[in-house]
Amino acid sequence: MALRTRPSPTKIVAWLRAELAVNRERWMLWSPVAFGLGAAGYLELRFEPSWMLLSAMFGVLAVAARVADRRSSRGGVSVVLILCVLSSAGLLAGKLRNGLVSAPVLAGERTVMTVDGFVVDVASPGVGGPRLLIAPVQMGGLAPAATPKRVRVTIDDLGGIAPGAAIRFRAMLGPPPQPAAPGAYDFARDAWFGGVGGVGFSIGRLAPINLQTPPARLSVTMAVNAFRWRLARRILSDMGPESGGVAVAMVTGHEAWITPEQTEAMRASGLAHILSISGLHMAIVGGFVFAAARLAIAAWPWFALRVPGKKIAAVAGLAAVAVYLLISGAPPPALRAAITFAVAFGAILFDRQAISLHGLAVAALLILLAQPESAGAPGFQMSFAATAALVALAEAWPRPVREIAVPWPIRVVQAASGWLAISIGASLVAGLATGPFAMQHFNRVAMWGLPANLIVSPLSSFVIMPFLAIGAALEGVGWGRPFLAVAGWGIEGMLAVARGFASAAGAQQLVASAPAFTLVMAFLGLMLLCLWRGRLRWLGAPLALSVALWPRPPLPDVWIAPDGSTAAVRRGAEAVLLRPDARRFGAELWARRRGLEIGAAEGFDCVRYACAPTTAAPASVALSWGRKPLTGADLAALCGRAEVVVLRGAGPMVTPAACGRRVVLTEADFAAGGAAELYRRPDGWWIVWAQPLRGNRAWSQ
């Protein structure tokens, strides 16, 4: 038996050069990856970089790349430097975008104020109920220069409110919320780039008033949103509340009528992506119109022989995507999807391949140039990864040889088996590509997502979305109801599938978030698998599994809300809430991020404004959520029963002797540090605050 010898260094170098040579023409595919990493890096910085620093970095790298390119055409060093230039361009784009969206933000604690303004749109509902996006004209005693561009207000009931209305109301308003836990999702950052400078809830009724004519741009926006709202109400009236709420969300983006039960069933079954307008909906609508236009042209032979039917169909598809984008309100996911499909249809017009990795790279670059903050958005990350994986799969999928004169029963079987194989492969690949992001951002894994999507895919592709599109288009002339009825049957079937899989054993699994850097590793691994040609691509497989396989950091023992109003302690794999009805959303988000289930509230003695631990408490923590400062005696009593004392308000002027060896946190600590996680160590308690992790940025003030 011949012995296997180790490859020599010369052979290894030759093999690497061969791998690089095969990929020499594919470096452009990595340009959005490099640009996006730079844009995401800008968002994660803990300080605001200066224009001089970023410009100098870009200039030095650009000169170095130019010199390297002249010395060795498309050599490895040159390509690496070009990608570094693109990353620095991503940093500059983020800086520019930050300056363009800069707008006033409310500061300090929430306060009651009277607001006069226009209803711009009906936003997606929150845990407290329906929400309105308001363009304020006047807010309390704020000067115009200090008035936010937009505020988002939770109301009790929508009633007859519609976009475009001028209203006056009283509301408890404050700055956008901080992260619910250190390192968690930053709501304030998204609000900053969305122009929202204040959030809160209304007090009392909303009254119509007369205001001066708004600026032209705002008037157009409200007119479009008013049309969308009227269309949504008509669809809901025709279809009823059960399926109509889902249909409205899929057509106009309004989620005001989706019930919590429907939302949870769709999440648990892995079908929640169907509710948000994104690439899937754009693909179905644009693809349906494209195919229908081609079929109509082909059905008229005289016309088909005299016009470029495919290009006309591409124009029709572009128009359909543009109209759908307008009706949906152009949310970021829909806008990103529209750009992607505009590039695809544009490729057809210029006789290029419509679906290709090069087209995806161009679309991704355009999206990131327009909205660099998208690089940090879970929606963009998941859609880009899934699309790249699906296009790479399409490139690698074997093209079967078409037989001549095959009997129709055999052809039907072949077509059905081919469609099933493609559906399984596409669902599996898309699920694997988006899995790391779903684990890291949402901490949920839908165990039955693959079969649920396989069952629902024909319904959404051939029944729900096409008939919704036709029905919505014909609603203006009163002919849409029959088509909406067919779509409603499909939605009812989809909801039945969602409920069935959501109630199955082990439908959802909680997954604690891994360290942040593992998501970058997983993303680069996925891109290596999708974009690289050759055996080196398989190095991406272990990287792509980083989020799933990386050891989780030690779990904190205590969580405290950003304002000190509530807390939770860890008991094994459960989170025990000291105030189960206060800041529930933030507590559940923290628990899910740490892979914990919400457990029974046990182990604490609670009175009107305070909780103290008993001997059965999982952690020795006391909480006082009253806003008034505690007396020395009350604080001493809490310190006598707990190692950590959390005060929402201020402490007494003189700290009692009983608190000398205790950790006492007051409103001043939370004002500076935000949410906190505490770890019990042999030498005492270690505290991690949220604010220092955010740094000194425009959205973290």
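Residues numbered from 1 in each chain as written. Predicted model: local features only at pLDDT ≥ 70, side-chain atom pairs only at ≥ 80, totals over all residues. Heavy atoms only, no water.

On average, the chain scores 89 in pLDDT, and the residues at 70 or more come to 97%. Per-residue pLDDT, averaged within each element of the chain, yields its smallest value for helix 1 (residues 9-22) (78) and its largest for strand 8 (residues 558-560) (96). (pLDDT = per-residue confidence, 0-100. Helix = DSSP H or I, 4+ residues; strand = E, 2+ residues; numbered from the N terminus.)

Here we take up the pattern of salt bridges. Where charged atoms of side chains with opposite charge meet at close range, the side chains can pair. Counted by the stated rule, this structure contains 21 salt bridges. Where arginine 697 meets glutamate 48, a salt bridge forms, and the shortest distance between an N and an O atom there is 3.0 Å. Of the two residues, arginine 697 sits in the segment after helix 24 (690-694) while glutamate 48 sits in the loop between helix 2 (31-44) and helix 3 (51-71), which places them 649 residues apart along the sequence. The residue aspartate 116 makes a salt bridge to arginine 168 at a minimum N-O spacing of 2.7 Å. In this pair, aspartate 116 is assigned in strand 1 (residues 111-126) and arginine 168 in strand 4 (residues 166-174), connecting sequence segments 52 residues apart. For aspartate 116, a relative accessible area of 8% puts it in the buried group. Under the relative-accessibility criterion, arginine 168 is labelled partly exposed at 41%. Here the salt bridges share partners, and the residues they tie into one network are Glu48, Lys95 and Arg697. (Salt bridge = Lys/Arg side-chain N within 4 Å of Asp/Glu carboxyl O. Buried < 20%, exposed > 50% of the residue type's maximum accessible area, 1.4 Å probe, protein only.)

Here we come to a nonpolar patch on the surface. Taken together, the side chains of Met28, Val362, Leu366 and Leu369 define a hydrophobic patch exposed on the protein surface, amounting to about 320 Å² of accessible area. Structurally, methionine 28 is set in the loop between helix 1 and helix 2. For methionine 28, a relative accessible area of 34% gives the class partly exposed. (Patch = residues over 30% accessible without salt bridge, like charges linked within 9 Å, V, L, I, M, F, W, Y side chains within 5 Å. Areas by Shrake-Rupley, 256 points an atom, 1.4 Å probe, with all protein chains shown as cover.)

Next up on the list: the sheet that holds strand 1. Ordered in space as 1-2-3-5-4, the five strands form a closed barrel in which the pairing is mixed. Each strand of the sheet is rotated relative to its neighbour by a mean of 55 degrees, with strand direction disregarded. When strand 3 (residues 150-154) meets strand 5 (residues 196-208), the two strands line up parallel, connected through five bridges. Bridge pairing in strand 5 places valine 151 opposite glycine 198. Strand contacts of helix 6 (residues 216-239): strand 1, strand 2 (129-139) and strand 3, with the helix running at about 50 degrees to strand 1, the strand carrying the most contacts. (Pairing = 2+ DSSP bridges. Axes fitted to C-alpha atoms, helices over the stretch in contact; angles between N-to-C directions. Contact = heavy atoms within 4.5 Å.)

Sheet analysis places strand 4 next to strand 5, joined by seven bridges and oriented antiparallel. Bridge pairing in strand 5 links alanine 171 to serine 202.

Spatially, six strands are ordered 11-10-9-8-17-18 in an open sheet, and the strand pairing comes out mixed. Whereas interior strands pair on both sides, the edge strands pair on one side only; in this sheet they are strand 11 (597-598) and strand 18 (684-689). Pairing of strand 10 (residues 574-577) with strand 11, which is carried by two bridges, proceeds in the parallel orientation. Bridge pairing links alanine 575 to isoleucine 598 in strand 11. Contacts between helix 21 (residues 584-593) and the sheet are confined to strand 8, strand 9 (567-571), strand 10, strand 11 and strand 17 (676-681), with strand 10 contributing the most and set at about 160 degrees to the helix.

Here the focus is the environment of alanine 504. Assignment of secondary structure puts alanine 504 in the loop between helix 17 (481-502) and strand 7 (508-510). By relative accessible area, alanine 504 is classed as partly exposed at 26%. Spatially, the C-alpha atoms of alanine 504 and alanine 268 are 9.5 Å apart, while their sequence positions differ by 236 residues.

Once that is clear, we can look at helix 18 (residues 517-531). Spacing of three or four residues puts side chains on the same side of an α-helix, whose turn is 3.6 residues. Under the 1.5 Å per step criterion, the end-to-end length of helix 18 is 21 Å for 15 residues, consistent within 8% with the ideal 21 Å. Looking only at helix 18, the buried set comprises Thr518, Leu519, Ala522, Phe523, Gly525, Leu526, Met527, Leu528, Cys530 and Leu531. For helix 18, the secondary structure elements touched by its buried residues are helix 2, helix 13 (357-370), helix 14 (378-396), helix 15 (408-442), helix 19 (540-544) and helix 20 (546-549). (Expected span 1.5 Å × (residues − 1).)

Next up on the list: the state of the cysteines. In this structure the tally under the stated criterion is two disulfides. Disulfide pairing is shown between cysteine 639 and cysteine 659; the S-S distance is 1.9 Å. Handedness here is read from the sign of the S-S torsion; for cysteine 639 and cysteine 659, about 100 degrees, the answer is right-handed. Separated by 20 residues along the polypeptide, cysteine 639 in helix 22 (residues 632-639) and cysteine 659 in the loop between strand 15 (644-647) and strand 16 (663-665) bring together distant segments of the chain. The buried category is assigned to cysteine 639, whose relative accessible area is 0%. Bonded cysteines in the chain are paired 1-2, 3-4 when counted in the order they occur along the chain. (Disulfide = S-S within 2.5 Å.)

With that out of the way, let us pick up the packing of helix 6 against helix 17. Where helix 6 meets helix 17, the closest approach of the two axes is 9 Å, and the angle between their N-to-C directions is 70 degrees. Relative to helix 17, the element helix 6 is oriented roughly perpendicular. Along its contact with helix 6, which presents Ile235, Asp238 and Met239, the element helix 17 presents Arg481, Leu484, Ala487, Gly488 and Ile491. (Parallel < 35°, antiparallel > 145°, perpendicular 65-115°, else oblique.)

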